[in-house]
Structure formats: structure tokens, C-alpha cells
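A closer look at the structure
Now for the letters of each chain:
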Amino acid sequence: MSRNYLQFDPDKAYPAREDIYYECGKCGGVIPSKPQGGIGCQCRNIFIDVDAGRVSIKDESKFKIFIT
Ligand SMILES: [Zn+2]
């Protein structure tokens, strides 16, 4: 899987698409930006609440977005 990392503006909504994934720099976890249900990485640095339509990032310096 090739990873093309995206530049993103933390002040705006994170890009979310079928081919976009979020990567946690803390635990190395990778989660889809459009999951079926609520999902988070192992260390909970990243958590997506699908029902609320929210992405929570605790430490943005350990957060990357890439397109496959
Ligand atoms: Zn993590």
C-alpha cells in the first residue's frame, strides 16, 4: 500500500474519503477516514465518532493523513 501524505489545515475539517486514511504516529495505527462505525487507534490518539460526525485528535503532531 503506497502512502501519499496530505498537507492539511488543522483549523478546518479533516478530509474524509473512501481512499483517505488517518495514521497515528504514537501507536502506528491506521484507520479509515470513513469507517462504518465508531473507531479509534489503539492508543486513542485518534478517534472517529461516526454518529456525531466528529474526528477527535489528542495530539495533532502525531497525526497524519494519507491517500492510498
Ligand atoms: Zn494511536
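Structure: above.
Residues numbered from 1 in each chain as written. Predicted model: local features only at pLDDT ≥ 70, side-chain atom pairs only at ≥ 80, totals over all residues. Heavy atoms only, no water.

Helix and strand counts for the protein stand at 0 helices and 7 strands. The C-alpha atoms of the protein give 11 Å as radius of gyration, which agrees with the globular expectation for 68 residues (11 Å, within 12%). With the principal axes as the frame, the protein shows a C-alpha extent of 30 × 25 × 25 Å. For the protein, the residues scored as buried account for 28% of the 68 residues in total. Summarising the internal contacts of the protein: among those between residues at least 6 apart in sequence, 41% fall at separations of at least 24. (Helix = DSSP H or I, 4+ residues; strand = E, 2+ residues; numbered from the N terminus. Rg over C-alpha atoms; globule rule 2.2 N^0.38 Å. Buried < 20%, exposed > 50% of the residue type's maximum accessible area, 1.4 Å probe, protein only. Contact = heavy atoms within 4.5 Å.)

On to the sheet that holds strand S3 (residues 30-32). The 4 strands are arranged S1-S7-S2-S3 in an open sheet whose pairing can be described as antiparallel. Edge positions in the open sheet fall to strand S1 (4-5) and S3, since each of these has one partner strand only. Bridge analysis of S1 against strand S7 (residues 63-67) gives 2 bridges, and the strand direction is antiparallel. Its bridge partner being in S7, Asn-4 is matched across the sheet by Ile-67. (Pairing = 2+ DSSP bridges.)

The zinc ion binds to the protein through Cys-24 (SG), Cys-27 (SG), Cys-41 (SG) and Cys-43 (SG); the donor distances cover 2.3 Å. The coordination sphere of the zinc ion comprises 4 donor atoms, whose angles at the metal cover 105 to 113 degrees; the geometry is tetrahedral. Positions of the donor residues of the zinc ion, expressed as sequence spacing, correspond to C-x2-C-x13-C-x1-C. Of the two residues, Cys-27 sits in the loop between strand S2 (20-24) and S3 while Cys-41 sits in the loop between strand S4 (39-40) and strand S5 (46-49), which places them 14 residues apart along the sequence. Residue classification places Cys-27 among the partly exposed positions, given a relative accessible area of 30%. With a relative accessible area of 3%, Cys-41 lands in the buried category. (Donors = N, O, S within 2.8 Å, 3.2 Å for Na, K, Ca; no water. Tetrahedral: all angles 85-135°; square planar, octahedral: opposite > 155°, others 65-115°.)

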